[in-house]
Structures are given as C-alpha cells and as structure tokens.
Amino acid sequence: MGFLDKLKTDLKAAKDELVEGANELGGNKYKLVSAKEMLEKARDGKYAVGQFNINNLEWTKSILSTAQELNAPVILGVSEGAGKYMTGFKTVAAMVQAMMEEMKITVPVALHLDHGTYEGCKKCIDAGFSSIMFDGSHLPIEENIEKTTELVATCKSYGLSLEAEVGAIGGEEDGVIGKGECADPEECKKIADLGVTMLAAGIGNIHGKYPADWPGLSFETLEAVKEKVGDMPLVLHGGTGIPTDMIKKAISLGVAKINVNTECQLAFQAATRKYIEEGKDLVGKGFDPRKLLAPGAEAIKATVKEKMEIFGCIGKA
Ligand code: 13P
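Residues numbered from 1 in each chain as written. Predicted model: local features only at pLDDT ≥ 70, side-chain atom pairs only at ≥ 80, totals over all residues. Heavy atoms only, no water.

Participant: I tried to follow the overall build of the protein on my own but got confused; where do I start?
Facilitator: Within the protein, the secondary structure is distributed over 13 helices and 10 strands. Taking 2.2 N^0.38 as the reference for a compact globule, 317 residues should give roughly 20 Å; the C-alpha atoms of the protein span a radius of gyration of 22 Å, in line with that estimate. Its C-alpha atoms put the protein at 85 × 60 × 35 Å along the principal axes. The buried share of the protein, reckoned over its 317 residues, is 51%. Once local pairs closer than 6 in sequence are excluded, the contacts in the protein between residues at least 24 apart make up 70%. With the model as given, the accessible surface of the protein reaches about 15,300 Å², and the carbon-plus-sulfur share is 56%. Taken as two groups, the 37 positive and 46 negative side-chain charges of the protein have centres that lie 6 Å from each other. (Helix = DSSP H or I, 4+ residues; strand = E, 2+ residues; numbered from the N terminus. Rg over C-alpha atoms; globule rule 2.2 N^0.38 Å. Buried < 20%, exposed > 50% of the residue type's maximum accessible area, 1.4 Å probe, protein only. Contact = heavy atoms within 4.5 Å. Areas by Shrake-Rupley, 256 points an atom, 1.4 Å probe, with all protein chains shown as cover. Lys, Arg positive; Asp, Glu negative; His and termini not counted. Charge placed at Lys NZ, Arg CZ, Asp CG, Glu CD.)

Right under this line is the structure:
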C-alpha cells in the first residue's frame with residue numbers, strides 16, 4: 001500500500017473513532033441516572049428533589065419539559081399499577097429513554113419504581129429503570145431486612161439507587177394500602193445500615209387527599225429517625241396537600257425527596273373537565289386528542305412548577 005493510501009486508511013479509522021466517541025457522548029447526555037447523586041446534593045443543599053408519578057406519554061412529556069425548562073433534577077415515579085397500565089415496565093423505560101433523547105433532556109432524570117414488590121423490583125431492574133423502591137414495610141422486619149439486603153447488592157452492581165420503606169405510609173395508592181404508622185427509628189437504622197440510597201419513613205403522611213382532621217406530620221418522629229440514620233437522604237411520600245410550612249420544615253430536618261402523585265391527577269382532571277364543560281370538544285377539531293388532552297397536560301406542568309418552587313430544586317440540575 002502506498003503512503004497516501006495508508007494515510008487515507010488511517011485518517012478514516014481516526015474519523016470513525018471520533019464519530020463513535022461523539023455518539024457515545026451524545027447518547028450519555030440523555031441517559032437516565034441513579035437518584036443517588038441528585039439526592040445527596042439536595043440533602044447537602046437543603047432542598048428536595050420532586051418525584052412525580054407518571055401514567056402515560058402526556059404525563060411524562062409535561063414533567064420532563066418542566067424539569068428541563070426550570071433546570072431542575074427530577075424523578076419519574078412509576079407504580080406497579082401504572083406500569084401495568086402502560087403495558088409493562090419495558091414499555092415505560094423505552095418510552096422515557098426515547099423521550100429524553102427526542103426532547104433533548106439534559107437535566108438529571110431518574111426512572112424510579114414506586115412501592116415495588118420484590119418481583120416488581122426484579123422486573124424494573126431488567127427493564128432498565130435507574131432507581132427502585134422496595135416496599136417491605138408490611139413485612140416482618142426480618143424479612144424486610146433479608147430482601148432489602150439482596151436488593152442492595154443487586155442495585156450496587158448495576159449502579160442503581162434503592163429506596164426502602166419503614167412504617168407504612170397511610171392511605172391507598174394503586175392498591176397499596178397503608179395504615180399511616182410512624183416509623184420506629186431503631187428499625188429505620190437497621191434498614192439504613194444495609195446500604196440503601198434513601199429511606200422512606202412513615203411520619204403520619206398519607207397518600208391521596210388529607211382528611212380535614214389530619215394531625216399533621218410528626219416532626220418528633222422525623223427528628224428521631226434523622227438522629228438514628230445520620231446522612232441518609234429521607235423521602236417524604238404523600239406530597240399532595242401537605243402545607244408549605246410543613247414541607248419546608250421536613251426539608252430542614254433531612255427530607256431530600258418528596259413524592260407527588262394525586263395532585264397532578266387532580267390538576268389534569270379539573271382542566272379536562274373545564275374543557276369539556278365549556279363545550280370546547282364540540283367546536284371544530286376540539287375532539288382531537290392532542291387538543292382534548294392539552295389543557296390537562298398544561299395543568300400538570302403548572303403543578304410540577306409550583307411544587308418545584310416549594311421544594312427549592314429549581315436551577316439545581
Ligand atoms: P400523593 O398521591 O399523596 O401525592 O402521594 C404520592 C406518593 O407518595 C407516591 O409514592
């Protein structure tokens with residue numbers, strides 16, 4: 001081979017390598033991340049990252065675009081029921097990953113299984129989720145410890161974050177029913193010491209709307225848990241309807257992740273109801289699903305923004 005031909009071959013090989021590297025970098029830019037780093041930053045910076053549960057494409061698009069617009073890290077929560085609704089966890093992971101790429105989402109995004117069973121956790125790990133929650137709160141503490149220990153090892157080997165729960169969260173979410181107990185701080189320490197990334201401790205919080213006679217969050221319990229678990233980022237479930245001052249106090253006491261589900265559903269419902277009650281679906285092409293679902297999608301965006309403002313995570317990506 002002559003000198004020029006060799007030079008051409010070498011140059012082509014170098015170019016291919018560069019393109020491959022650039023593609024890899026580009027790909028990484030839109031990849032899901034574990035929730036570990038974003039939650040440690042939130043804990044240290046005294047703000048909380050929002051977990052917003054998703055149900056379909058519109059939900060996901062609204063949450064991702066708001067997070068990107070506000071430069072905020074975000075966690076997309078998927079309950080087992082919502083996963084099933086969307087035809088399975090593989091569909092969810094593929095949809096979220098593709099949307100991040102198509103929408104050029106560069107803020108940190110974790111795709112997280114919410115209140116997972118042991119079997120659900122395994123499925124989500126296989127499907128490509130970047131974070132999972134094992135809810136062993138209804139199990140005897142020994143069994144919760146045994147299963148959590150195994151999942152800690154699996155998650156570590158895949159670089160995923162793992163949330164554990166102690167003391168069932170009250171109310172009902174997608175068939176997961178809890179009594180609303182306050183967690184035992186000693187049990188929290190036992191689970192935290194297993195090496196989970198974050199811990200959800202029941203502190204009188206409830207999924208869904210709070211009843212009028214709700215006594216409020218138990219800061220006494222939160223303080224006692226924090227004292228036992230040290231630096232572990234804490235998770236507050238049942239974010240819908242908790243007054244702002246209580247949210248802020250919880251963040252000051254170590255809460256670094258707050259879950260919101262019902263509030264986005266209620267906002268979507270109210271906006272969709274208004275559109276139909278005003279007869280807008282009957283005018284022109286108002287029946288087009290892209291028009292019919294648009295007010296609800298906008299309402300989710302407004303709710304996510306409002307929550308992110310309270311949580312203090314705007315601009316923290
Ligand atoms: P809400 O539905 O009360 O907002 O609770 C969400 C939640 O905790 C998801 O795990």
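Structure's up, so let's keep going.
Participant: Please clarify how the site of the ligand should be interpreted in this entry.
Facilitator: Among the 14 residues in the neighbourhood of the ligand, the closest are listed as Asp114, Gly208, Gly238, Thr240 and Thr262. One nitrogen or oxygen atom from the side chain of Thr240 is found 2.5 Å from an oxygen atom belonging to the ligand. Taking Asn259, its side chain carries an N or O atom lying 3.2 Å from an oxygen atom of the ligand. At the level of elements, strand 3 (109-116) and strand 10 (255-260) are the ones that each hand at least two residues to the shell around the ligand. (Near = heavy atom within 4 Å. Polar contact = N/O pair within 3.5 Å; in protein donor to acceptor, adjacent residues only side chain to side chain.)

Participant: Please clarify how the sheet that holds strand 1 (residues 49-53) should be interpreted in this entry.
Facilitator: Read around the closed barrel, the 8 strands follow the order 1-2-3-4-5-8-9-10; overall the barrel is parallel. Put simply, the sheet's adjacent strands are angled 25° from each other on average, direction ignored. As paired strands, strand 4 (residues 131-134) and strand 5 (residues 161-166) are joined by 4 bridges and run parallel to one another. The residue bridging Ile132 from the neighbouring strand is Leu162, located in strand 5. With respect to the sheet, helix 8 (residues 185-192) is in contact with strand 5 and strand 8 (198-201), its orientation differing from that of strand 5 by roughly 160°. Across the sheet, helix 9 (residues 219-229) touches strand 8, strand 9 (234-236) and strand 10, and the angle it forms with strand 9 is around 155°. (Pairing = 2+ DSSP bridges. Axes fitted to C-alpha atoms, helices over the stretch in contact; angles between N-to-C directions.)

Participant: Honestly, the packing of helix 3 (residues 57-69) against helix 5 (residues 89-102) in this entry has me stumped. Any pointers?
Facilitator: Angle between the axes and distance between the axes: these two values describe a pair of packed helices. In the contact formed by helix 3 and helix 5, the axes pass within 11 Å of each other and the chain directions differ by 40°. One finds that helix 3 runs oblique with respect to helix 5. In this structure, helix 3 crosses over helix 5, and the sense of that crossing is right-handed. Contacts between helix 3 and helix 5 involve Leu57, Thr60, Lys61 and Leu64 on the former and, on the latter, Met95, Val96, Met99 and Met100. Within the contact of helix 3 with helix 5, the residues separate by chemical class into 6 nonpolar, 1 polar and 1 charged. (Parallel < 35°, antiparallel > 145°, perpendicular 65-115°, else oblique. Left-handed = near helix turned anticlockwise from the far one by under 90°. Nonpolar A, V, L, I, M, F, W, Y, C, P; charged D, E, K, R; others polar.)

Participant: Explain a nonpolar patch on the surface here, please?
Facilitator: Taken together, the side chains of Phe3, Leu4, Leu7 and Leu11 present a nonpolar region at the surface, about 470 Å² in accessible area. Relative to the helices and strands, Leu11 resides in helix 1 (residues 3-29). (Patch = residues over 30% accessible without salt bridge, like charges linked within 9 Å, V, L, I, M, F, W, Y side chains within 5 Å. Salt bridge = Lys/Arg side-chain N within 4 Å of Asp/Glu carboxyl O.)

Participant: I tried to follow helix 2 (residues 36-45) on my own but got confused; where do I start?
Facilitator: Along an α-helix, residues three or four apart share an orientation, since each turn contains 3.6 residues. Met38, Leu39, Ala42 and Arg43 are the residues of helix 2 that are buried. For helix 2, the angular spread of buried residues about the axis comes to 135°, placing them on one side. Residues of helix 2 that are exposed and point over 90 degrees away from its buried face: Glu37 and Asp44. (Arc of directions from axis to C-beta.)

Participant: Quick question: what am I supposed to make of the environment of Lys249 here?
Facilitator: By the element assignment, Lys249 lies in helix 10 (residues 244-252). The spacing of Lys249 and Lys285 is 36 residues in sequence and 48 Å in space, taken between C-alpha atoms.

Participant: What's the story with empty space enclosed by the protein in this structure? I'm lost.
Facilitator: Considering all chains together, one arrives at 1 cavity of 30 Å³ or more under this definition. Estimates place the volume of the largest cavity at around 40 Å³. Every residue along the wall of the largest cavity is listed here: Ala201, Ile203, Leu222, Leu234, Val235, Leu236 and Val255. A per-element tally of the lining of the largest cavity places strand 9 first, with 3 residues. Taken together, the residues of the lining of the largest cavity break down into 7 nonpolar, no polar and no charged. (1 Å grid on protein atoms, 1.4 Å probe; cavity = no way out; pocket = protein on both sides within 12 Å on 5 of 7 lines; lining within 4 Å. Points joined across faces, edges and corners; volume = space filled by probe spheres on them.)

Participant: Can you help me understand the packing of aromatic side chains in this one?
Facilitator: Aromatic ring pairs: the centre-centre distance and the angle between the two ring planes describe each pair. What the rule picks out here adds up to 4 aromatic pairs. The interplanar angle of 85° and the centroid separation of 5.5 Å between the aromatic rings of Phe89 and Phe129 together place this pair among those described as edge-to-face. Taken together, the residues span a long stretch of sequence, with Phe89 in helix 5 and Phe129 in the loop between helix 6 (118-127) and strand 4 at a distance of 40 residues. Like Phe89, the residue Phe129 is buried in the burial classification. Geometrically, the ring pair formed by Tyr118 and Phe134 is edge-to-face, given 6.5 Å between the ring centres and 75° between the ring planes. With a gap of 16 residues between them, Tyr118 in helix 6 and Phe134 in strand 4 connect regions that are remote in the sequence. For Tyr118, a relative accessible area of 19% translates into the label buried. In this structure, Lys147 packs its charged tip against the face of Tyr118, placed 5.5 Å from the ring centre. Taking the ring centre of Phe219 as reference, the NZ or CZ of Lys249 above it sits at 4.7 Å. (Phe/Tyr/Trp six-rings, centres within 6.5 Å; stacked < 30°, edge-to-face > 60°. Lys NZ or Arg CZ within 6 Å of the ring centre and 35° of its normal.)

Participant: Teacher, can you tell me more about unusual backbone geometry here?
Facilitator: Residues other than glycine predominantly adopt negative phi, and peptide bonds predominantly adopt the trans conformation. Backbone geometry at Lys46 places phi at a positive 60°, although glycine is not the residue there. By the secondary structure assignment, Lys46 is in the loop between helix 2 and strand 1. The residue Lys104 is not glycine, and still its phi comes out positive at about 55°.

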